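Structure assessment
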Amino acid sequence: MVNAKAEAFKTEGNTFFKNGQYAQAIEKYKAATDIDPSQPAYWSNMAACYEKLGDYKNMEEAARSCIKADRSFIKGYFRLATAQKNLKDLEGCTKTLESGLAVDSTNADLKKMKKEITETQRNEQVISYCNKAEEQVANGDISGAYKTLELASRLDAGNAKIAALQAKVNPKYEQMEKKRKAGLSGAELHKEKGDELYKNARFEDAVVEYTKCIDAKPSQDVLIKALSNRAACNKQISHFDATIEDCTAVLELDPNNIKALIRRAQAFEGVERYRFALQDVKAVLSKPYSEVGKVNFDLCNGMQHRLTRTVNQLKNMNSS
């Protein structure tokens, strides 16, 4: 039930707010929250006052208290996101907006701000890529600059600055690539063609090129890469037996190859050879975390739980 005295303080605060007396309004809203901190409107109005004063840190705190008071009070999320936006905490702002939209997916204010934040982050990333590319050019790293500008162009293909930098970098890169490829063996050229096809999701065509590379009997380093990449292609097109065969070949040459173990485990699971899949997953998880990496560790950890459950279920079925 709403406390009458707290409501009276809120009403006084509203009057001060309307008259532009934001500091005085804050004091009244604080008095209201001292009596009843469970009313989100008191905190929301306080946050609005701090916004008018440009005090975004205190606005953030008031908005958080607003959400704490009532997680379904959508204006609290908008207030908090506004504060975070002005504090340049765009990552936090995005998370707040997503939390608010989880409560009300149709809220126009939250949707509009999220779109604005996404655009701002995109523009900032493009500027960062362009600055990085300029530094790479200055340091003579043409290959690095080319790759950086490729990333930038994916975010903003029509950007004039990106186009201007590419006009300088691309001819130099193409000249370097021509010279580099002239020194490659036939096997290495097939591997590179396969890599390009893989990037364009032409997996079956990539398999053809990787096979030509492997048949040409390249160096062990190139062979491992070609086998590994062919296994990745076959996994993409659900040719799991071929994936298992190539991963096994990789592991014979490089027993600690994490990617090969994970791909083979996924392929084993795809053909319902769950015990073998579990064995490979456990092999990955037994290795040092620094070698496995967070992404692979989390993936294998999830697979281990799933596969263990499946193996136990099959065991119980067979014993019943």
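Above this text is the structure in question.
Note that the coordinates shown come from a computational prediction; the quantities given were computed from them, not determined experimentally. (Residues numbered from 1 in each chain as written. Predicted model: local features only at pLDDT ≥ 70, side-chain atom pairs only at ≥ 80, totals over all residues. Heavy atoms only, no water.)

Overview of the nonpolar core
Membership of the largest hydrophobic core comes to 37 residues, with the highest contact counts inside it found for C233, V281, V284, C300 and L307. Counting residues per element, the ones that place at least two in this core are α10 (186-199), α11 (203-215), α12 (220-236), α13 (240-253), α14 (258-270), α15 (274-285) and α17 (294-319). (Core = buried A, V, L, I, M, F, W, Y, C linked by side-chain atoms within 4.5 Å. Buried < 20%, exposed > 50% of the residue type's maximum accessible area, 1.4 Å probe, protein only. Helix = DSSP H or I, 4+ residues; strand = E, 2+ residues; numbered from the N terminus.)

Comments concerning the pattern of salt bridges
Inspection of the entire model under this criterion finds 19 salt bridges. R64 is paired through a salt bridge with E60; the nearest N and O atoms lie 3.1 Å apart. Of this pair, R64 and E60 both sit in helix α4 (residues 56-69), four residues apart, which is roughly one turn of that helix. The closest approach of N and O atoms between R202 and D205, which form a salt bridge, is 3.0 Å. Since its relative accessible area comes to 45%, R202 is described here as partly exposed. The class for D205 is partly exposed, based on a relative accessible area of 34%. Beyond isolated ion pairs, a larger network of salt bridges with shared partners links K57, E60 and R64. (Salt bridge = Lys/Arg side-chain N within 4 Å of Asp/Glu carboxyl O.)

Quick word on the side chain of N257
In this fold, N257 is placed in the loop between α13 and α14. Setting aside residues up to four positions removed in sequence, N257 forms contacts with I224, V250 and L251. (Contact = heavy atoms within 4.5 Å.)

Some details on helix α1 (residues 4-18)
The terminal C-alpha atoms of α1 lie 21 Å apart, and with 15 residues this matches the ideal 21 Å at 1.5 Å per residue to within 8%. Looking at α1, one finds that the buried residues are A6, F9 and G13. On an axial view of α1, the arc spanned by its buried residues comes to 60°, and they lie on one face. When the buried face of α1 is taken as reference, the exposed residues oriented beyond 90 degrees from it are A4 and K18. Taking the backbone nitrogen of K5 as reference, a side-chain oxygen 2.9 Å away marks N3 as the first, capping residue of α1. (Expected span 1.5 Å × (residues − 1). Arc of directions from axis to C-beta. Polar contact = N/O pair within 3.5 Å; in protein donor to acceptor, adjacent residues only side chain to side chain.)

Points about α12
The end-to-end C-alpha distance of α12 is 24 Å, a good match for the 24 Å that 17 residues give at a rise of 1.5 Å each. Of all the residues in α12, the buried ones are V222, L223, I224, A226, L227, S228, R230, A231, A232, C233 and N234. Contact partners of the buried residues in α12: α10, α11, α13 and α14. One or two residues past the end of α12 sits S238, with phi positive at roughly 60°.

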